[in-house]
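Listed here are the chains, written in short residue letters.
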Amino acid sequence: MQRLRLLSATLALVAVVSFPAQPADDVKPPPAGYRHWFHVNTMIIDKASPLFKDLGGMHNVYINSVGEAALKKGGPYPDKSMFVTDLHDFTVSDGSYVEGARKGLAVMVKDSKKYASTGGWGFQFWEGGDPKKPQVTDAAKQCFACHQPKKDQDYVYSTYIP
Ligand code: HEC
């Protein structure tokens, strides 16, 4: 009981001192034509990964033409650069990883002023790619915290594969 009370007091304190970072609200999913953008890479996170619960699936990453040159240099990215991760389920059959239905669409869009508190990137994730199901209410906590270690690549994990 004591411990519970202490925990809720701590949580209340956190709620007071940290302001939620604004999610990307100027992108309407699915960003038009992303399947015709440059395909950056595909990564599969399966059950063996500690990230499976949060990020499990087949990650198909695309970048728009604004950011393409910067990707090749490893950043920094100009404003209006946009990454889309088209996240899909997959099944494994006889050692073949087969792409399945869409789990969601994740977006990072660069606007160095508007999203200054999250490295200049706006983040959003739509469950199933459904415009009515945005999941991000606090981009700093839900997204940016995990991208922060990639500061030297402008907070982007993906690198150019020639
Ligand atoms: C637990 C760590 C973690 C969290 C939390 C996380 N990401 Fe990522 N993100 C990654 C990793 C690792 C990659 C590179 C793997 C890949 O290719 O998908 C990545 C890649 C991306 C990419 C492709 C560009 C890049 O950096 O390579 C986008 C877009 C993206 N994430 C959006 C989001 C959004 C939106 C959220 C919040 C809903 C989020 N991420 C939360 C770890 C994370």
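Everything numeric here is computed off the predicted structure, so don't read it as measured data. (Residues numbered from 1 in each chain as written. Predicted model: local features only at pLDDT ≥ 70, side-chain atom pairs only at ≥ 80, totals over all residues. Heavy atoms only, no water.)

Undergrad: Looking at this model, I keep getting lost on the site of the ligand. Mind explaining?
TA: Near the ligand lie 22 residues; those nearest to it are Cys143, Cys146, His147, Tyr157 and Ser158. Interatomic distance of 2.8 Å between a backbone N/O atom of tyrosine 157 and an oxygen atom of the ligand. At a separation of 2.6 Å, an oxygen atom of the ligand approaches a polar side-chain atom of serine 158. With respect to the pocket detection grid, the ligand is positioned in the largest pocket. Elements with a contribution of two residues or more to the shell around the ligand: strand E1 (38–45), strand E2 (57–63), strand E3 (82–93), strand E4 (96–110), strand E5 (121–127) and helix H4 (139–147). Looking at the shell around the ligand, the element that brings in the most residues is H4, giving four residues. Taken together, the residues that form the shell around the ligand break down as 15 nonpolar, seven polar and no charged. (Near = heavy atom within 4 Å. Polar contact = N/O pair within 3.5 Å; in protein donor to acceptor, adjacent residues only side chain to side chain. 1 Å grid on protein atoms, 1.4 Å probe; cavity = no way out; pocket = protein on both sides within 12 Å on 5 of 7 lines; lining within 4 Å. Sits in = over half its atoms within 2 Å of the grid points. Helix = DSSP H or I, 4+ residues; strand = E, 2+ residues; numbered from the N terminus. Nonpolar A, V, L, I, M, F, W, Y, C, P; charged D, E, K, R; others polar.)

Undergrad: Before we go on, may I ask you to explain a nonpolar patch on the surface in this structure?
TA: The grouping of Ile44, Val92 and Tyr97 at the surface amounts to a nonpolar patch, some 260 Å² of accessible area in total. With respect to the helices and strands, isoleucine 44 occurs in strand E1. Residue isoleucine 44 is classed as partly exposed on the basis of its relative accessible area of 36%. (Patch = residues over 30% accessible without salt bridge, like charges linked within 9 Å, V, L, I, M, F, W, Y side chains within 5 Å. Areas by Shrake-Rupley, 256 points an atom, 1.4 Å probe, with all protein chains shown as cover. Salt bridge = Lys/Arg side-chain N within 4 Å of Asp/Glu carboxyl O. Buried < 20%, exposed > 50% of the residue type's maximum accessible area, 1.4 Å probe, protein only.)

Undergrad: Teacher, can you tell me more about the coordination of the iron atom of the ligand here?
TA: Four donors placed tetrahedrally about a metal ideally form angles of 109.5 degrees, and six donors placed octahedrally ideally form angles of 90 or 180 degrees. A lone protein donor contacts the iron atom of the ligand, and this donor is His147 (NE2), found at 2.2 Å. Tracing the sequence through the fold places histidine 147 in helix H4. (Donors = N, O, S within 2.8 Å, 3.2 Å for Na, K, Ca; no water.)

Undergrad: Explain the pattern of salt bridges to me, please; I cannot follow it from the model alone.
TA: Under the defined criterion, the tally for this structure stands at seven salt bridges. In this structure, the salt-bridge partner of aspartate 154 is lysine 110, at a minimum N-O distance of 2.7 Å. Of this pair, aspartate 154 sits in the segment after H4 while lysine 110 sits in strand E4; the two residues are 44 residues apart in sequence, bridging distant segments of the chain. Residues participating in the shared-partner salt-bridge network are Arg35, Asp86 and Arg102.

Undergrad: Help me out: how do you make sense of helix H3 (residues 65–73) in this one?
TA: Spacing of three or four residues puts side chains on the same side of an α-helix, whose turn is 3.6 residues. Of all the positions in H3, only Gly67, Ala70 and Leu71 are classed as buried. Seen from one end, H3 has its buried residues packed into an arc of 110°, which puts them on one side. Exposed and facing more than 90 degrees away from the buried side of H3 are Ser65, Ala69 and Lys73. Where H3 is buried, its residues contact E1, E2 and E3. Glycine 74 lies just past H3 and shows a positive phi near 80°. (Arc of directions from axis to C-beta. Contact = heavy atoms within 4.5 Å.)

Undergrad: Please clarify how the packing of aromatic side chains should be interpreted in this entry.
TA: The relative placement of two aromatic rings is captured by the distance of their centres and the angle of their planes. Going through the model one piece at a time under the given rule, you end up with eight aromatic pairs. Arranged with centres 5.6 Å apart and planes meeting at 35°, the rings of phenylalanine 90 and tyrosine 97 form a pair that is tilted. For phenylalanine 90, a relative accessible area of 18% puts it in the buried group. By relative accessible area, tyrosine 97 is classed as partly exposed at 40%. A connected cluster of aromatic rings, assembled from ring pairs, spans Tyr77, Phe83 and Trp121. (Phe/Tyr/Trp six-rings, centres within 6.5 Å; stacked < 30°, edge-to-face > 60°.)

Undergrad: Looking at this model, I keep getting lost on the side chain of histidine 88. Mind explaining?
TA: Looking at where histidine 88 falls in the secondary structure, it is placed in strand E3. Here the side chain of histidine 88 touches glutamate 99 through a polar contact of 3.3 Å, side chain to side chain. Apart from the residues lying within four places of it in its own chain, the contact partners of histidine 88 are Arg35, Gly57, Met58, Asn60, Glu99, Gly100, Ala101, Arg102 and Lys103.

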